[in-house]
Amino acid sequence: MKEGTSAKAGEGWMRTESGTGKKPLGVYVHIPFCVRKCLYCDFLSAPASGERIEHYVNLLLREMQASADMGQLQNYEAATVYLGGGTPSLLTARQLDLILCKLGTLLPFRADAEISMEMNPGTVTRQQLADIRSIGINRISIGVQSLQDDELAALGRIHRAAEVYHLWEWTEPLQFRSRSLDLMSGIPGQTKESLRATLKRAVSLAPEHLSVYSLIVEEGTPFYEQYPDGAVDEDTDRRLYALTKVFLQAHGYERYEISSYARDGHACRHNLTYWMRGDYLGFGLGAASLMKEVRFRNAAGMTQYEEDIAARETCGGESVRQQGVDSVPEGARQQGEDSVPEGARQAKACPVFPYAEREALSVEDRMAETMFLGLRMTKGVSEQAFRGQFGYDMQEIYGNVLKKHMKDGLLAHENGFFHLTERGLDVSNYVMADFLL
Ligand code: SF4
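Residues numbered from 1 in each chain as written. Predicted model: local features only at pLDDT ≥ 70, side-chain atom pairs only at ≥ 80, totals over all residues. Heavy atoms only, no water.

1. What to know about the overall build of the protein
Counting its regular elements, the protein contains 16 helices and 16 strands. In the protein, which comprises 437 residues, the proportion classed as buried is 53%. Taking contacts inside the protein between residues at least 6 apart in sequence as the whole, the part at least 24 apart equals 72%. Total accessible area on the protein stands at roughly 19100 Å², and carbon and sulfur atoms take up 50% of it. (Helix = DSSP H or I, 4+ residues; strand = E, 2+ residues; numbered from the N terminus. Buried < 20%, exposed > 50% of the residue type's maximum accessible area, 1.4 Å probe, protein only. Contact = heavy atoms within 4.5 Å. Areas by Shrake-Rupley, 256 points an atom, 1.4 Å probe, with all protein chains shown as cover.)

Written as structure tokens, this is what we have:
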């Protein structure tokens, strides 16, 4: 369905104006399929047949319905939807439309909702891209990584630079609200010159958004066997990182988060929801959620994921609805039936909370998350928002830590916000670790 057109009952999305009194929700949908595994990848993704993909799409629809039946969507409206993976562009436009339409029947969408989708070059045709736009997807994030063919080959990617340029050309007439190019630094064999050439070509396409991640060699990947000490040495990694920052800022991109750059108004709102700890609900294999200060996560194995959906449909939903997400005891599924509160025993085999993981966040957890997620953003964390949420001044809780890092020039205090300095952003993990309570 085209963005801005009205929906028939039971079909398409219901767009609502903001100011309806409903709470904004970020919706994440995980598509765990790829053409083949890249050599560095430890994400939850694998090749799959068309039949398997179709089966999975049906599972997603069932999961969304169960979620609505459990009351999880009540009083919310979708402010952002993010189809991530894996490679969501392996789904047909019909399958993507089914997912969005199902969501739209269960949850109103804000009139200005950001609907993002990740796609990989080499997996999309011109027609498919047009269809993707026509069903209302208004933001795309393209997994480019590099515009040097030898680097793409070293990463085990299925595409080459020419496919990126074709895909980009096809996006031009479609008026996506934002297009992001996702790049990588620290690729084996990458030099300052080759990275500069990639950045130069990337900005010449004039994307509204760029993400640039440093390659991390993860255990269990083929890269780990090949490069157990990292794909590039630390000095090179630092130099490439610094080059990226300087180059993109000089070309008019604002760095609004450690790895994210945007032109005016094109920051990814879905990702901002994560860093600002807004409520979000994840659907699909291994998908994570934060709702009403409870973090929970779907199973990472397909069999358990499917069983959990069935449990939500038959009885889990009823028990979760009765108990409320917040009141279900920690680890209830693992502890067995004896630990299930009386009212939750709908049937003998009913798990109380049919998800793989659940953690109700304490006030200390929430404060720490507010700081270390918020400091990822260059604008930092608002003192006023902190006080409003917790009833304490940030200085009362973190006075010593703030003082120490300000003295070392890693943190700054400006206009009621604490934020990392340029130097602090370079060693962000070290600073953020200090905010754990
Ligand atoms: S395309 Fe992305 S998710 Fe898929 S294997 Fe490659 S890195 Fe992993």
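2. So, the site of the ligand
Near the ligand, the surroundings consist of Cys-34, Arg-36, Lys-37, Cys-38, Tyr-40, Cys-41, Phe-43, Ser-45, Gly-86, Asn-120 and Arg-157. Partitioning the shell around the ligand into residue classes produces five nonpolar, three polar and three charged. (Near = heavy atom within 4 Å. Nonpolar A, V, L, I, M, F, W, Y, C, P; charged D, E, K, R; others polar.)

3. Let's talk about the pairing of strand β8 (residues 254-257)
In this structure, β8 lies alongside strand β9 (residues 260-262), joined through three bridges in antiparallel fashion. When the sheet's bridge partners are listed, Glu-257 is paired in β9 with Ser-260. Between the end of β8 and the start of β9, which pair antiparallel, lie two residues. (Pairing = 2+ DSSP bridges.)

4. Quick notes on the side chain of Gln-95
By the secondary structure assignment, Gln-95 is in helix α2 (residues 93-106). Polar side-chain contacts of Gln-95 include one of 2.6 Å to the side chain of Glu-54. Ignoring any residue separated from it by four or fewer positions in sequence, one finds Gln-95 in contact with Ile-53, Glu-54 and Val-57. (Polar contact = N/O pair within 3.5 Å; in protein donor to acceptor, adjacent residues only side chain to side chain.)

5. Here we look at the nonpolar core
Counting 71 residues, the largest nonpolar core has Val-27, Ile-99, Met-119, Ile-137, Leu-210, Leu-248 and Tyr-305 as its most contacted members. At seven residues, the largest contribution of residues to this core is made by helix α1 (residues 50-69). The residues contacting Ile-99, other than those within four sequence positions of it, are Val-29, Ile-31, Val-57, Leu-60, Leu-61, Met-64, Leu-83 and Leu-91. Within the second largest apolar cluster, 21 residues are counted, among which are Tyr-241, Ala-368, Leu-375 and Val-431. (Core = buried A, V, L, I, M, F, W, Y, C linked by side-chain atoms within 4.5 Å.)

6. Observations regarding the side chain of Arg-366
Relative to the elements of secondary structure, Arg-366 occurs in helix α12 (residues 363-374). Judged by relative accessible area, which is 19%, Arg-366 ranks as buried. The residues touching Arg-366, leaving out its near neighbours within four places in the chain, are Arg-277, Glu-293, Leu-361, Gln-389 and Phe-390.

7. Digging into the sheet that holds strand β15 (residues 411-414)
A sheet is described by the order of its strands in space; here three strands give the open sequence β14-β16-β15, paired in antiparallel fashion. The sheet is open, and its two edges are formed by β14 (381-382) and β15, each paired on a single side. In this structure, β15 lies alongside strand β16 (residues 417-420), joined through four bridges in antiparallel fashion. Within the sheet, the bridge partner assigned to Ala-412 lies in β16 and is His-419.

8. What about the pattern of salt bridges?
For the coordinates displayed, the defined rule picks out 18 salt bridges. The residue Arg-312 makes a salt bridge to Glu-63 at a minimum N-O spacing of 3.1 Å. Within this pair, whereas Arg-312 is found in helix α10 (residues 302-323), its partner Glu-63 is found in helix α1, the two being separated by 249 residues in sequence. A relative accessible area of 1% places Glu-63 in the buried class. Ionic contacts of the salt-bridge type, sharing partners, join the residues Arg-277, Glu-293, Arg-295, Arg-366 and Glu-369 into one network. (Salt bridge = Lys/Arg side-chain N within 4 Å of Asp/Glu carboxyl O.)

9. As for the packing of aromatic side chains
Across all of its chains, the model carries 11 aromatic pairs by this definition. Ring geometry for Phe-296 versus Tyr-355: centroids 4.8 Å apart, planes at 70°, classification edge-to-face. Placement of Phe-296 in strand β12 (residues 294-297) and of Tyr-355 in the loop between α11 (332-335) and β13 (357-360) is noted, with a sequence separation of 59 residues between them. Here Phe-296 and Tyr-355 have matching classes, each one buried. (Phe/Tyr/Trp six-rings, centres within 6.5 Å; stacked < 30°, edge-to-face > 60°.)

10. With respect to the environment of Leu-285
Structurally, the position occupied by Leu-285 is in the loop between β10 (280-283) and β11 (288-291). In this structure Leu-285 comes out as buried when scored by relative accessible area, which is 7%. C-alpha separation for the pair Leu-285 and Pro-32, spaced 253 residues apart in sequence, amounts to 7.0 Å. Ignoring any residue separated from it by four or fewer positions in sequence, one finds Leu-285 in contact with His-30, Pro-32, Leu-44, Tyr-56, Ala-299, Ala-300, Gly-301, Met-302 and Tyr-305.

11. Let's talk about the confidence of the model for the protein
When pLDDT is averaged across the protein, the result is 89; 87% of the residues are at 70 or more. Counting contacts from residues 326-348, a segment whose pLDDT is below 50, to residues more than four positions away or on other chains yields 41 contacts. (pLDDT = per-residue confidence, 0-100.)

12. Overview of a positive patch on the surface
On the surface, a cluster of positive charge is made up of Lys-192, Arg-196, Lys-200 and Arg-239. Per-element tally for the positive patch: the top contributor is helix α6 (residues 192-204), with three residues. Checked against the element boundaries, Lys-200 lands in helix α6. The exposure class of Lys-200 is exposed, given its relative accessible area of 55%. (Patch = residues over 30% accessible without salt bridge, like charges linked within 9 Å, V, L, I, M, F, W, Y side chains within 5 Å. Lys, Arg positive; Asp, Glu negative; His and termini not counted. Charge placed at Lys NZ, Arg CZ, Asp CG, Glu CD.)

13. What about α6?
An ideal rise of 1.5 Å per residue puts 18 Å on 13 residues; α6 measures up with 18 Å between its terminal C-alpha atoms. Along α6, the positions that sit buried rather than exposed are Ser-194, Leu-195, Thr-198, Leu-199, Ala-202 and Val-203. The buried side chains of α6 occupy one side of the element, clustering within an arc of 165° when seen end-on. Among the exposed residues of α6, those pointing more than 90 degrees away from its buried face are Glu-193, Lys-200 and Ser-204. In this structure, the buried residues of α6 make contact with α4 (149-155), β6 (178-185), β7 (209-214) and α8 (234-250). One or two residues past the end of α6 sits Ala-206, with phi positive at roughly 60°. (Expected span 1.5 Å × (residues − 1). Arc of directions from axis to C-beta.)

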